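# Working through the structure, step by step
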Amino acid sequence: MKELIYPRHFLPAARKFAKRTAVIDGEYQASFEEHADRVLCLCGALRSQLGVVPGDRFAVLALTCHEY
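Residues numbered from 1 in each chain as written. Predicted model: local features only at pLDDT ≥ 70, side-chain atom pairs only at ≥ 80, totals over all residues. Heavy atoms only, no water.

Alignment of strand E1 (residues 21-25) against strand E2 (residues 28-31), held across four bridges, turns out to be antiparallel. By the bridge assignment for E2, isoleucine 24 is matched with glutamine 29. Hairpin connection between E1 and E2: a loop of two residues separates the two successive antiparallel strands, and glycine 26 in this loop has a positive phi of roughly 65°. (Pairing = 2+ DSSP bridges. Helix = DSSP H or I, 4+ residues; strand = E, 2+ residues; numbered from the N terminus.)

Written as C-alpha cells, this is what we have:
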C-alpha cells in the first residue's frame, strides 16, 4: 500500500484541475494552478532560505486564511 502523502495527491490534482477554483477566502480566489505555484514557491523558500530539508519537522501558528 502506498503511503498517503500530500504531494502524491496534490500535484496530480493541480495538473488535472489547473483552471478550477481551489481556494476561496472571502474575496480572494485561486485556481489549483495558482495555489500549486504558491505552495511550490513556499517549499523552495523553506529549503533555500531557511535550510529545511526532507525529514525535518516544523510548524506554523497562524490564522486560518489563504495567506498561511
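After that view of the structure, there is still more to cover.
We now examine the side chain of serine 31. Of note, serine 31 is situated in strand E2. Among the residues examined, serine 31 registers a relative accessible area of 11% and is labelled buried. A distance of 3.4 Å separates a polar side-chain atom of serine 31 from the backbone oxygen of alanine 18. Excluding residues that lie within four positions of it along the chain, serine 31 makes contacts with Ala18, Lys19, Arg20, Thr21 and Ala22. (Buried < 20%, exposed > 50% of the residue type's maximum accessible area, 1.4 Å probe, protein only. Polar contact = N/O pair within 3.5 Å; in protein donor to acceptor, adjacent residues only side chain to side chain. Contact = heavy atoms within 4.5 Å.)

Turning to the confidence of the model for the protein chain, a few remarks are in order. Averaged over all residues, the pLDDT of the protein chain equals 89, while 94% of them reach at least 70. Per-element averaging of pLDDT across the protein chain places helix H1 (residues 6-16) at the bottom with 87 and E2 at the top with 96. (pLDDT = per-residue confidence, 0-100.)

For helix H2 (residues 32-48), which comprises 17 residues, the first-to-last C-alpha distance of 24 Å matches the rise-based estimate of 24 Å (1.5 Å per residue) to within 8%. Among the residues making up H2, those that are buried are Ala36, Val39 and Leu46. Buried residues of H2, viewed axially, fall in a sector of 90°; they line one side. Those residues of H2 that are exposed and angled more than 90 degrees off the buried face are Asp37, Cys41 and Ser48. (Expected span 1.5 Å × (residues − 1). Arc of directions from axis to C-beta.)

A separate point is the layout of surface pockets. There is about 700 Å³ of room inside the largest pocket. Lining the largest pocket are 20 residues, and of these Arg38, Val39, Leu42, Cys43 and Leu46 lie nearest its centre. Of all the secondary-structure elements, those providing two or more residues to the lining of the largest pocket are H1, E2 and H2. Counting residues per element, the lining of the largest pocket draws most heavily on H2, at seven residues. (1 Å grid on protein atoms, 1.4 Å probe; cavity = no way out; pocket = protein on both sides within 12 Å on 5 of 7 lines; lining within 4 Å. Points joined across faces, edges and corners; volume = space filled by probe spheres on them.)

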